[in-house]
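These are the residues of each chain, in order.
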Amino acid sequence: LVAACGAAGLLCLVTFRPSWEGGQYEGAEAFRMETLREAAAAGADFIDLEYKLGAEAIQAFKADAVAAGRARIIVSDHNYEVTPAPEELAALVRGMKACGADIVKLATMANATGDAFRMLELARSESLDHGRPTIALAM
């Protein structure tokens, strides 16, 4: 699949989301991480890792991925209940960048219109004002 994307001139983003972060994968973590390492070695442009893996695991994966290819690391966090307050969102972004994110991705639950606006402002502020590529979405 990674090769097919490259042949078509498309960027390739790979994620393998575990059930503990809202995905469907329920197997062994070692297999999941090895699969993502293989995707990086095969030439994936982006690999999406969960912030809940922790800084040590993310930094180790990033070191392997950079050595194996050109993959940039998206560190993502998914909150299926609420959109946190702006200061909590800012702290999350700082933590994600500190653990090695090339791109930060935050997905939150919008329980009111203001939640969606808060996420749009986060993306604008982080990406434009601070030069930190950020994906922010409200579900």
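Residues numbered from 1 in each chain as written. Predicted model: local features only at pLDDT ≥ 70, side-chain atom pairs only at ≥ 80, totals over all residues. Heavy atoms only, no water.

1. Looking at the packing of aromatic side chains
So, point 1. In this structure the tally under the stated criterion is 3 aromatic pairs.
So, point 2. The interplanar angle of 55 degrees and the centroid separation of 4.4 Å between the aromatic rings of Phe-16 and Tyr-25 together place this pair among those described as tilted.
So, point 3. Both rings, one in Phe-16 and one in Phe-31, keep their centres 6.4 Å apart while their planes meet at 80 degrees; by these two values the pair is edge-to-face. Linking Phe-16 in the loop between β1 (13–14) and α2 (29–41) with Phe-31 in helix α2, this pair joins segments that are 15 residues apart in sequence.
So, point 4. A network of ring pairs unites the aromatic residues Phe-16, Tyr-25 and Phe-31 as a single cluster. (Phe/Tyr/Trp six-rings, centres within 6.5 Å; stacked < 30°, edge-to-face > 60°. Helix = DSSP H or I, 4+ residues; strand = E, 2+ residues; numbered from the N terminus.)

2. Some details on the packing of α2 against helix α3 (residues 55–68)
So, point 1. Closest axis-to-axis distance for the α2/α3 pair is 8 Å, and the angle between their directions is 30 degrees. Between α2 and α3, the angle falls in the class roughly parallel. The interaxial crossing formed by α2 with α3 has right-handed handedness. Contacts from Met-33, Leu-36, Arg-37, Ala-40 and Ala-41 of α2 reach α3 at Phe-61, Asp-64, Ala-65 and Ala-68.
So, point 2. Considered class by class, the residues forming the contact of α2 with α3 number 7 nonpolar, no polar and 2 charged. (Axes fitted to C-alpha atoms, helices over the stretch in contact; angles between N-to-C directions. Parallel < 35°, antiparallel > 145°, perpendicular 65-115°, else oblique. Left-handed = near helix turned anticlockwise from the far one by under 90°. Contact = heavy atoms within 4.5 Å. Nonpolar A, V, L, I, M, F, W, Y, C, P; charged D, E, K, R; others polar.)

3. Details of the pattern of salt bridges
So, point 1. Here the structure, examined in full by the defined rule, presents 13 salt bridges.
So, point 2. Several salt bridges converge on common partners, so that one network encompasses Arg-17, Glu-29, Arg-32, Asp-48, Glu-50 and Lys-105. (Salt bridge = Lys/Arg side-chain N within 4 Å of Asp/Glu carboxyl O.)

4. Quick notes on a nonpolar patch on the surface
So, point 1. Among the surface-exposed residues, Tyr-80, Ile-135, Leu-137 and Met-139 lie close enough to one another that they form a single nonpolar patch of about 330 Å² accessible area.
So, point 2. Here Ile-135 falls in the partly exposed class, since its relative accessible area comes to 35%. (Patch = residues over 30% accessible without salt bridge, like charges linked within 9 Å, V, L, I, M, F, W, Y side chains within 5 Å. Areas by Shrake-Rupley, 256 points an atom, 1.4 Å probe, with all protein chains shown as cover. Buried < 20%, exposed > 50% of the residue type's maximum accessible area, 1.4 Å probe, protein only.)

5. Some points on helix α4 (residues 86–98)
So, point 1. The terminal C-alpha atoms of α4 lie 18 Å apart, and with 13 residues this matches the ideal 18 Å at 1.5 Å per residue to within 8%.
So, point 2. Those residues of α4 that are buried are in contact with β3 (72–79), β4 (103–108) and α5 (113–129).
So, point 3. The positive-phi residue at the C-terminal boundary of α4 is Gly-100, with phi of around 115 degrees. (Expected span 1.5 Å × (residues − 1).)

6. Things to note about the pairing of β4
So, point 1. Summarising burial for β4: 6 of the 6 residues are buried, a large majority.
So, point 2. Judged from the 6 bridges that link them, β3 and β4 form a sheet pairing that is parallel. Each bridged residue has a counterpart across the sheet, and for Ile-74 the counterpart in β4 is Ile-103.
So, point 3. The parallel pair β3 and β4 is bridged by α4, and the resulting crossover is right-handed.
So, point 4. Bridge count between β4 and strand β5 (residues 134–138): 5 bridges; the pairing is parallel. Bridge pairing in β5 places Ala-107 opposite Leu-137. (Pairing = 2+ DSSP bridges. Right-handed = clockwise from strand over helix to strand, strands pointing away.)

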